2 protein chains.
Amino acid sequence: MRKIKDNLDPPKILVLGFAIIILIGATLLTLPIATEDGQGLSFLNALFTATSATCVTGLIVVDTGDTFSMFGELVILSLIQVGGLGFMTFATLLFILLGKKISFKERLLLKEAFNNITFAGMVRLVKRILIFTAIIEFVGGSILAIRFSFDMPAAKAIYYGFFHAISNFNNAGFDLMGEFRSLTHYVDDPTVVLTVCSLITLGGLGFVVMNELFEYRQTRQLSVHTKAVLTTTLILTIGATVLIFLFEYGNNKTLGPLSVAGKSLGALFHAVTPRTAGANTLPMADLTHSTLFLTIILMYIGAGSGSTAGGIKITTFAVLMATVWSQFKGKEDVVLFKRRIVMETILKAFTVATSGALIVMIVTILLSITEKGHVFLMYLFEAASAFGTVGLSMGLTPELSPIGRLLIILTMFTGRLGPLTLAYAITKRQKQEAYHHPKGNIMIG
Amino acid sequence: MRKIKDNLDPPKILVLGFAIIILIGATLLTLPIATEDGQGLSFLNALFTATSATCVTGLIVVDTGDTFSMFGELVILSLIQVGGLGFMTFATLLFILLGKKISFKERLLLKEAFNNITFAGMVRLVKRILIFTAIIEFVGGSILAIRFSFDMPAAKAIYYGFFHAISNFNNAGFDLMGEFRSLTHYVDDPTVVLTVCSLITLGGLGFVVMNELFEYRQTRQLSVHTKAVLTTTLILTIGATVLIFLFEYGNNKTLGPLSVAGKSLGALFHAVTPRTAGANTLPMADLTHSTLFLTIILMYIGAGSGSTAGGIKITTFAVLMATVWSQFKGKEDVVLFKRRIVMETILKAFTVATSGALIVMIVTILLSITEKGHVFLMYLFEAASAFGTVGLSMGLTPELSPIGRLLIILTMFTGRLGPLTLAYAITKRQKQEAYHHPKGNIMIG
Ligand SMILES: [K+]
Ligand SMILES: [K+]
């Protein structure tokens with residue numbers, strides 16, 4: 001790490017690091033021992049699966065449970081865990097384990113990786129990330145293992161319990177159930193639904209929020225960031241649950257046949273999973289247009305910044321809405337929880353949202369050229385799912401053409417790292433201008 | 001006008017004015033003499049048609065040529081002309097004709113109506129608007145009348161020529177061809193295609209741009225606004241023509257059977273019409289998904305601010321792209337044509353774009369609930385067409401349920417006046433805060 005060249009700035013390192021992990025994973029998945037048929041995967045499919053796992057997406061061209069050997073499944077699980085926690089955490093961990101001090105340059109690098117606000121407590125944070133993750137995955141895994149033990153042998157139940165706990169806490173969306181079924185068998189099972197929803201939501205808060213909540217007993221205060229994440233998560237979860245409950249109430253292929261309690265569990269799961277887990281308990285292709293389009297919007301929004309989620313992030317969405325509201329009211333300041341949001345943050349939020357929307361639109365148009373014979377909504381859905389690193393699909397993924405697969409690989413990569421990080425990595429940052437152009441007036445709206 | 005209460009600020013007057021014109025138009029269209037069958041239209045359909053005409057949209061629940069008597073058609077044409085020029089121009093005209101002086105309050109009101117930048121030359125501008133309009137509509141109407149005279153009797157050709165010139169210069173999208181055909185018979189006719197494309201484009205520039213171009217001989221300079229409108233119009237028109245040419249090249253139901261010249265004319269027309277005319281020469285339902293989605297994006301963007309166009313407007317789009325670009329490059333200033341765009345303008349642009357996108361998304365979801373049995377793309381297309389006051393449709397409009405009709409009426413109204421104007425009209429503007437909250441940090445993207 002100490003030999004890193006000075007011109008490798010944090011965004012470049014992050015992009016390269018992810019690319020290297022993906023390539024290693026893809027190579028491992030082409031090995032004969034990776035698949036049950038002893039053939040290994042083709043390189044394109046291996047690259048797709050490794051990208052999907054490392055970018056904690058969950059889009060799959062081959063069914064995970066049916067195709068891979070346990071070795072292959074454990075490679076995928078490792079990629080999920082490495083991608084989810086972020087390889088930067090691991091790099092820091094190595095430094096801590098080796099007892100080395102962290103230089104300012106490497107702290108800067110970490111700052112970019114976690115998109116964190118202050119340098120303070122960075123090392124403590126990383127330790128806590130690992131402890132939090134271990135505890136949450138252990139508790140979630142144990143509950144799921146016990147539940148699964150009613151349906152399968154104990155050893156398999158333990159393996160399945162922990163695989164699905166890790167996959168869902170990292171919002172990875174991979175599952176072992178086979179036949180592209182995901183968790184549809186457990187649509188009205190309270191234990192599975194509530195455990196998995198909790199894992200997904202906790203993973204989507206982001207480590208900074210978890211850390212603040214952990215320290216709340218001492219500090220007795222929460223930052224505006226944490227308040228925004230928690231409030232928006234609550235509003236989106238409740239709002240989406242109610243809407244999906246209404247949209248699917250009379251749909252005989254989804255919530256229709258279930259009891260009111262079952263309908264509620266089904267609606268809750270489908271409200272939580274687009275941000276940005278990717279497991280599903282309802283058959284995706286049978287959902288109403290209203291639910292599918294709402295799902296697309298939720299996938300685009302995603303969850304917490306610096307979490308395992310993709311999309312534009314929930315705080316970006318909160319800043320957007322607060323700005324629109326204050327503009328509508330003719331106010332000068334944009335205020336969230338009695339704190340003024342600075343102009344720099346607002347511009348960044350709109351830039352992320354606009355470029356994210358552009359990416360989804362361009363990918364949708366490209367998919368509608370490279371793929372044939374599907375309804376338009378499937379292309380839009382697939383593009384939003386890849387950009388939001390969600391992993392839900394109306395069924396297009398396994399049928400993608402080779403060019404379509406490459407396109408989705410690139411979209412997942414862009415969605416995970418974020419358009420701004422990628423832009424910083426490939427463009428040369430300019431120095432601040434000494435000269436400012438005179439103002440120009442332009443009519444808007 | 002002089003009795004207007006002080007609490008009726010410009011946005012409220014604009015909203016009320018449009019509403020009154022629409023209601024008068026709707027009432028006229030319910031009269032027995034308005035339709036060929038002597039029955040008059042139902043009030044809902046009359047309201048829909050009057051809103052569509054006044055908001056220069058062109059979405060139609062009944063075919064204009066087949067349904068209306070000449071009286072009905074002239075009511076529609078009058079609503080188009082009043083809506084297109086803006087009733088504010090007419091109000092000013094009345095003042096000029098009556099030789100009265102214009103008070104500061106009424107100038108303010110006009111400023112809001114045209115979204116103009118300076119007070120200077122307001123009266124001169126209004127005179128010119130009327131002269132420009134008369135000249136352009138006369139030239140366009142004459143060319144079309146001559147062309148149509150080869151296909152129909154002279155009197156009818158003159159009527160058709162001027163009706164379509166007025167409709168297209170005002171970007172209204174209404175036509176008299178019957179059977180919801182629009183201009184599909186003239187897909188590869190250079191005279192019709194080039195004349196109508198010119199009328200649409202000129203109408204979409206906005207009066208401020210036209211005025212600056214007119215004065216260019218003396219001033220020898222163009223504002224950043226005019227440069228932005230002209231450049232973005234050129235880029236979007238050429239870019240969209242090339243893409244549509246490629247997307248539809250092999251489509252046997254659209255451009256496929258035409259010669260290369262015919263294909264070019266067909267692609268050009270379909271590139272121009274979504275911003276925001278609404279006439280079509282290609283059968284909408286047969287276009288490829290790629291073209292339809294591109295059309296949706298173009299409809300959302302619209303044309304010039306202060307023109308007859310709807311949507312978020314082309315300058316809003318230009319400011320968005322310039323901001324994203326400067327953020328990607330890590331620049332501090334957003335610069336267009338060597339002029340710095342102030343933060344207030346940027347915030348307004350993002351607010352218009354975000355609220356426009358929200359409106360399109362919410363209307364799409366509502367349509368997918370109120371309407372049944374269509375593919376999703378039809379709902380998204382209809383919502384974007386109404387918000388952009390475009391008037392293109394994949395065929396949903398005549399099949400809309402009563403609630404769907406009301407929804408589209410509201411969307412056209414919102415799209416024409418703009419989300420910000422409507423928000424200003426219904427919310428109470430707050431005074432600038434004396435107290436500023438302390439800054440708060442929040443993670444983005
Ligand atoms: K995911
Ligand atoms: K129109």
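Residues numbered from 1 in each chain as written. Chains lettered and ligands numbered in written order. Predicted model: local features only at pLDDT ≥ 70, side-chain atom pairs only at ≥ 80, totals over all residues. Heavy atoms only, no water.

**Remarks on the coordination of the potassium ion (ligand 2)**
Residues and elements named next belong to chain B. Donor atoms from the polypeptide that coordinate the potassium ion (ligand 2) comprise Val-56 (O), Thr-57 (O), Asn-171 (O), Thr-276 (O), Ala-277 (O), Thr-389 (O) and Val-390 (O), at 2.3 to 2.8 Å from the metal. The sequence pattern describing where the donors of the potassium ion (ligand 2) fall on their chain is V-T-x113-N-x104-T-A-x111-T-V. Within this pair, whereas Ala-277 is found in the loop between α12 (260-272) and α13 (289-301), its partner Thr-389 is found in the loop between α16 (376-387) and α17 (402-417), the two being separated by 112 residues in sequence. Each member of the pair, Ala-277 together with Thr-389, is buried. (Donors = N, O, S within 2.8 Å, 3.2 Å for Na, K, Ca; no water. Helix = DSSP H or I, 4+ residues; strand = E, 2+ residues; numbered from the N terminus. Buried < 20%, exposed > 50% of the residue type's maximum accessible area, 1.4 Å probe, protein only.)

**A look at the packing of helix α15 (residues 343-370) of chain A against helix α17 (residues 402-417) of chain A**
Residues and elements named next belong to chain A. Interhelical geometry of α15 versus α17 gives an angle of 170 degrees and a closest axis separation of 10 Å. Considered as vectors, α15 and α17 are oriented roughly antiparallel to each other. Where α15 approaches α17, its residues Ile-359, Val-363, Leu-366, Leu-367 and Thr-370 are matched on the opposing element by Ile-403, Gly-404, Leu-407, Ile-408, Thr-411 and Thr-414. Looking at the contact of α15 with α17, its residues break down into seven nonpolar, four polar and no charged. (Axes fitted to C-alpha atoms, helices over the stretch in contact; angles between N-to-C directions. Parallel < 35°, antiparallel > 145°, perpendicular 65-115°, else oblique. Contact = heavy atoms within 4.5 Å. Nonpolar A, V, L, I, M, F, W, Y, C, P; charged D, E, K, R; others polar.)

**Thoughts on the pattern of salt bridges**
In this structure the tally under the stated criterion is four salt bridges over all chains. Residue Arg147(A) is joined to Asp189(A) by a salt bridge in which the shortest nitrogen-to-oxygen separation is 2.6 Å. Here Arg147(A) is found in helix α7 (residues 122-148), whereas its partner Asp189(A) is found in the loop between α8 (154-169) and α9 (190-205), with 42 residues between them in sequence. The exposure class of Arg147(A) is buried, given its relative accessible area of 17%. Residue Asp189(A) is classed as buried on the basis of its relative accessible area, which comes to 11%. Note that Arg147(B) and Asp151(B) form a salt bridge whose closest N and O atoms lie 3.4 Å from each other. We classify Asp151(B) as partly exposed; its relative accessible area is 42%. Ionic contacts of the salt-bridge type, sharing partners, join the residues Arg147(A), Asp151(A) and Asp189(A) into one network. (Salt bridge = Lys/Arg side-chain N within 4 Å of Asp/Glu carboxyl O.)

**A closer look at the interface of chain B and chain A**
Bring the parts together and some accessible area is lost; that lost area is often taken as the interface size. Taken together, the 81 residues of chain B in the interface contact 81 residues of chain A. Taken together, chain B and chain A are joined by zero salt bridges. The tally of links between chain B and chain A comes to two residue pairs in polar contact (both at pLDDT 80 or more). Considering every element that reaches the side of chain B that touches chain A, the biggest residue donor is helix α15 (residues 343-370) of chain B, with 17 residues. Here the residues of the side of chain B that touches chain A sort into 42 nonpolar, 26 polar and 13 charged. (Polar contact = N/O pair within 3.5 Å; in protein donor to acceptor, adjacent residues only side chain to side chain.)

**Quick look at the relation of the copies chain B and chain A**
You can overlay chain B on chain A at an RMSD of 0.0 Å; the transform is a turn of 180 degrees with a shift of 0.0 Å along its axis. The superposition of one copy onto the other is thereby described by a two-fold rotation axis. A shared binding surface is used by both copies, with 100% of the interface residues of chain B retained as interface residues in chain A. (Least-squares fit on C-alpha atoms with pLDDT ≥ 70 in both.)

**Here's the deal with the packing of aromatic side chains**
One pair of aromatic rings is described through two measures. These are the centre distance and the angle between the planes. In this structure the tally under the stated criterion is 17 aromatic pairs over all chains. Summarising the aromatic geometry, the rings of Tyr159(A) and Tyr160(A) are spaced 6.2 Å apart at their centres and angled 65 degrees between planes, so their arrangement reads as edge-to-face. The class for Tyr160(A) is buried, based on a relative accessible area of 13%. Grouping aromatic residues by their ring pairs yields a cluster made of Tyr159(A), Tyr160(A) and Phe163(A). The ring of Phe214(B) has Arg217(B) sitting right over it, with the charged end atom 5.7 Å from the ring centre. (Phe/Tyr/Trp six-rings, centres within 6.5 Å; stacked < 30°, edge-to-face > 60°. Lys NZ or Arg CZ within 6 Å of the ring centre and 35° of its normal.)

**Looking at the coordination of the potassium ion (ligand 1)**
All names here are of chain A. Looking at the potassium ion (ligand 1), one finds its protein donor set to be Val-56 (O), Thr-57 (O), Asn-171 (O), Thr-276 (O), Ala-277 (O), Thr-389 (O) and Val-390 (O), positioned 2.3 to 2.8 Å from the metal centre. Donor residues for the potassium ion (ligand 1) sit on one chain with the sequence pattern V-T-x113-N-x104-T-A-x111-T-V. With a relative accessible area of 0%, Thr-276 lands in the buried category.

**Some words on the packing of helix α11 (residues 224-248) of chain A against helix α13 (residues 289-301) of chain A**
All names here are of chain A. The N-to-C vectors of α11 and α13 enclose an angle of 165 degrees; their axes lie 9 Å apart at closest approach. With respect to α13, the element α11 is oriented roughly antiparallel. At the point where α11 passes α13, the crossing takes the left-handed sense. Taken together, the residues of α13 that come into contact with α11 (itself represented by Leu-236, Ala-240, Leu-243, Ile-244, Phe-247 and Glu-248) are Ser-290, Thr-291, Leu-294, Leu-298 and Ile-301. Classifying every residue of the contact of α11 with α13 by side-chain character gives eight nonpolar, two polar and one charged. (Left-handed = near helix turned anticlockwise from the far one by under 90°.)

**Observations concerning unusual backbone geometry**
All names here are of chain A. Arg-275 connects to Thr-276 through a cis peptide bond whose omega is -15 degrees. Position of Thr-276 among the secondary structure elements: in the loop between α12 (260-272) and α13. Phi angles above zero are rare outside glycine, and Asn-171 is one such case at about 55 degrees. Note on placement: Asn-171 falls in the loop between α8 and α9.

**Overview of the nonpolar core**
Side chains that are nonpolar tend, in soluble globular proteins, to be buried together. With 267 residues, the main nonpolar core has Phe148(A) and Phe148(B) as its most contacted residues. When neighbours within four sequence positions are excluded, Phe148(B) is seen to be in contact with Ala157(B), Tyr160(B), Gly161(B), His164(B), Met177(B), Tyr186(B) and Val192(B). (Core = buried A, V, L, I, M, F, W, Y, C linked by side-chain atoms within 4.5 Å.)

**Let's talk about the environment of Ile341(A)**
Relative to the helices and strands, Ile341(A) is located in strand β2 (residues 339-341). When the C-alpha atoms of Ile341(A) and Thr323(A) are compared, they prove to be 9.1 Å apart, with 18 residues separating the residues in sequence.

**Side note on helix α4 (residues 70-85) of chain B**
All names here are of chain B. Over its 16 residues, α4 runs 22 Å from end to end, which matches the ideal 22 Å to within 8%, given 1.5 Å per residue. Listing the buried residues of α4 in full gives Gly-72, Glu-73, Val-75, Ile-76, Leu-77, Leu-79, Ile-80, Gln-81, Gly-83, Gly-84 and Leu-85. Positive backbone phi, approximately 90 degrees, marks Gly-86, located one or two places after α4. (Expected span 1.5 Å × (residues − 1).)

**Quick notes on the side chain of Asp175(A)**
By the element assignment, Asp175(A) lies in the loop between α8 and α9. Polar side-chain contacts of Asp175(A) include one of 2.9 Å to the backbone nitrogen of Met177(A).

**Structural notes on helix α10 (residues 207-219) of chain A**
One turn of the α-helix equals 3.6 residues, which is why residues spaced by three or four share an orientation. Residues and elements named next belong to chain A. The terminal C-alpha atoms of α10, which comprises 13 residues, lie 17 Å apart, in line with the 18 Å expected from a rise of 1.5 Å per residue. By the largest-angle criterion, Leu-213 marks the main kink of α10, which is about 30 degrees. Here α10 has its buried residues at Phe-207, Val-208, Val-209, Met-210, Asn-211, Glu-212 and Glu-215. (Bend = angle between axes of the 7 residues up to and from the residue.)

**A word on the environment of Thr226(A)**
All names here are of chain A. Mapped onto the secondary structure, Thr-226 falls in helix α11. Note: C-alpha distance between Thr-226 and Met-210 (16 residues apart in sequence) is 8.6 Å. Not counting residues within four places of it along the chain, the set of residues in contact with Thr-226 comprises Val-209 and Glu-212. Here Glu-212 takes part through its side chain, which lies 3.1 Å from a polar atom of the side chain of Thr-226.

**Here's the deal with the side chain of His374(B)**
In this structure, His374(B) sits in the loop between α15 and α16. Among the residues examined, His374(B) registers a relative accessible area of 17% and is labelled buried. Side chain to side chain, His374(B) and Glu399(B) meet in a polar contact 3.4 Å long. What His374(B) contacts, discounting residues up to four positions off in sequence, is His289(A), Tyr379(B), Leu396(B) and Glu399(B).

**Notes on a nonpolar patch on the surface**
All names here are of chain A. Where nonpolar side chains cluster on the molecular surface, the patch consists of Leu-16, Ile-20, Ile-24, Leu-28, Leu-31, Ile-33 and Phe-71 and spans about 590 Å² of accessible area. Broken down by element, the residue count for the nonpolar patch peaks at four residues, all from helix α1 (residues 10-30). Positionally, Ile-33 belongs in the loop between α1 and α2 (43-54). (Patch = residues over 30% accessible without salt bridge, like charges linked within 9 Å, V, L, I, M, F, W, Y side chains within 5 Å. Areas by Shrake-Rupley, 256 points an atom, 1.4 Å probe, with all protein chains shown as cover.)

That is the geometry; function is a separate question.
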